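# Breakdown of the fold
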Amino acid sequence: MSNRLRIGMVGYKFMGKAHSNAYRSLPMFFPDAPLQPEMSVICGRNAQGVQAAARQFGWTESVTDWRDLVKRNDIDLIDINAPSNAHKEIVVEAALQGKHLFCEKPLALSLADSRDMLQVAEEAGVRHMVGFNYRFSPAVQLAKQLVESGRLGKIYHFRAFFLQDWIMDPSFPLVWRLQKEVAGSGSHGDLGAHLIDLARFLVGEFHEVIGMSETFIKQRPLALEMSGLSSKRSAEANAPMGEVTVDDATLFLARFAGGALGSFEATRFAAGHRSTNSFEINGSLGSVRFDFERMNELEVYFTQDKEDVQGFRRVLATDPAHKYSEAWWPAGHTIGFEHTFTHEMLEMLRAISEGRQPSPNFHDGVACQAVLEAVERSIEERRWVSIEEM
């Protein structure tokens, strides 16, 4: 087997750039990876736009039809970071063509669709991974280690919030992320999905949930163009408007199968928060706190410390003892958002080489979708909803 993994990527904007950067960085910093990514073909609907992206990001070729791309014999893996409503169709066709799969979150528009995608991928015998990149911060990996080793004791609480403010202006256009038929949900599926995955990764499975949500701005000007999280609208005072069909904010409570309690908040209306992704875990022997805006740090507290020095300590997760850190810079020299994608792609390459499923994979995508939809059902029916119901 060649040590090259030939990649065809569908999507070339925000996540397309992040994934491309990861593929380019990986051979430099992880030269011993069992496979090396080959950036073969990038795909997008706009010929001019995808050609420019190919030149900028370093892809060999650009195409505009993903259906032709997934049938090519010179492609081993399909990377999907197109809008959410395109995920299922591309995954299904690529799996039937025997291609390994990387798909951004949320996996699908619905739990039923995500289960279909998992079934097709499993029956095809291909490797499949879902894009929960925040797992791959060294500080989050340290939190995982502290929980699994028992150093925090019995876990009582997991509280998390993902706060942004990028759509607070009522004149901000109606981008695809604000349309249910394209995105599936708003802050809940976009931001809350990351919190749910972190909770499952760190604490375990959900048992039941209850939530509430709100759409603060019901209508917005139609978008003329969209790129990543930015957009342009008509300058006319009477520009046509469209309905916002997703949540602006969703909050929910949870009980975990292991007995812990959880609280979750995802909003795009928290003024002053550009992207505050934070969690805290409290156990019988200690606690940890994490904020992605200070992603290299984990605050750690142990109850067994002597009374005169008790308190949260700041651990800078950049030493060789911290996962992935030995590949980057000397201790104390921090890494950033883009490095989580490099670690994510490294896990994918290792898993394909070792003949196992990556982690997280489509099973995790389905589990996340089940929690998302359980929260939505609880909001609609104003009651606690068990994950088993889903």
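Predicted model, so just to flag it, every value in this text is computed and none were measured.

A word on the packing of aromatic side chains. All chains considered together, the criterion is met by 25 aromatic pairs. With 5.5 Å between their ring centres and 90° between their planes, tryptophan 166 and phenylalanine 172 make a pair best called edge-to-face. You'll find tryptophan 166 and phenylalanine 172 in the same group, each marked buried. With a centroid separation of 6.1 Å and 85° between ring planes, the pair formed by phenylalanine 292 and phenylalanine 337 is classed as edge-to-face.

Turning our eyes to something else, we now look at helix 4 (residues 87-96). It helps to recall that an α-helix has 3.6 residues per turn; residues three or four apart then point in one direction. Here helix 4 has its buried residues at His87, Ile90, Val91, Val92, Ala94 and Ala95. Downstream of helix 4 by one or two residues, glycine 98 has phi in the positive range, about 80°.

What follows deals with the pairing of strand 7 (residues 155-163). In this structure, strand 7 lies alongside strand 15 (residues 276-283), joined through eight bridges in antiparallel fashion. Opposite arginine 159, over in strand 15, you have glutamate 280 as the bridge partner.

Next up on the list: the pattern of salt bridges. What the rule picks out here adds up to 28 salt bridges. For aspartate 165, the salt bridge is made with arginine 274, and the minimal N-O distance between the two is 2.6 Å. Here aspartate 165, found in the loop between strand 7 and helix 7 (180-183), pairs with arginine 274, found in the loop between strand 14 (261-267) and strand 15; they are 109 residues apart in sequence, far enough to count as distant. Salt bridges here are not isolated pairs; linked through shared partners, they connect Arg135, Asp197, Arg200, Glu205 and Asp364.

This brings us to the UniProt feature "domain: Gfo/Idh/MocA-like oxidoreductase N-terminal" (unreviewed entry) in the chain. With numbering aligned to this structure, UniProt lists the feature "domain: Gfo/Idh/MocA-like oxidoreductase N-terminal" (unreviewed entry) at residues 5-132. Summarising residues 5-132: 44% helix, 23% strand, and an end-to-end C-alpha distance of 21 Å.

Taken in spatial order, the six strands make up an open sheet running 3-2-1-4-5-6, and their pairing is parallel. Of all the strands in the sheet, just strand 3 (61-63) and strand 6 (128-131) have a single pairing partner and so form its edges. Within this sheet the neighbouring strands show an average axis-to-axis angle of 25°, counted without direction. Here strand 5 (residues 100-104) pairs with strand 6 via four bridges, running parallel. Residue pairing for strand 6: glutamate 104 is matched across the bridge by glycine 131. Against the sheet, helix 1 (residues 14-29) makes contact with strand 1 (4-10), strand 2 (36-43), strand 4 (77-80) and strand 5, and its axis sits at roughly 155° relative to strand 2, the strand it touches most.

The rules behind the values
Residues numbered from 1 in each chain as written. Predicted model: local features only at pLDDT ≥ 70, side-chain atom pairs only at ≥ 80, totals over all residues. Heavy atoms only, no water. Phe/Tyr/Trp six-rings, centres within 6.5 Å; stacked < 30°, edge-to-face > 60°. Buried < 20%, exposed > 50% of the residue type's maximum accessible area, 1.4 Å probe, protein only. Helix = DSSP H or I, 4+ residues; strand = E, 2+ residues; numbered from the N terminus. Pairing = 2+ DSSP bridges. Salt bridge = Lys/Arg side-chain N within 4 Å of Asp/Glu carboxyl O. UniProt positions renumbered as here; feature names shortened; annotations may be inferred. Axes fitted to C-alpha atoms, helices over the stretch in contact; angles between N-to-C directions. Contact = heavy atoms within 4.5 Å.

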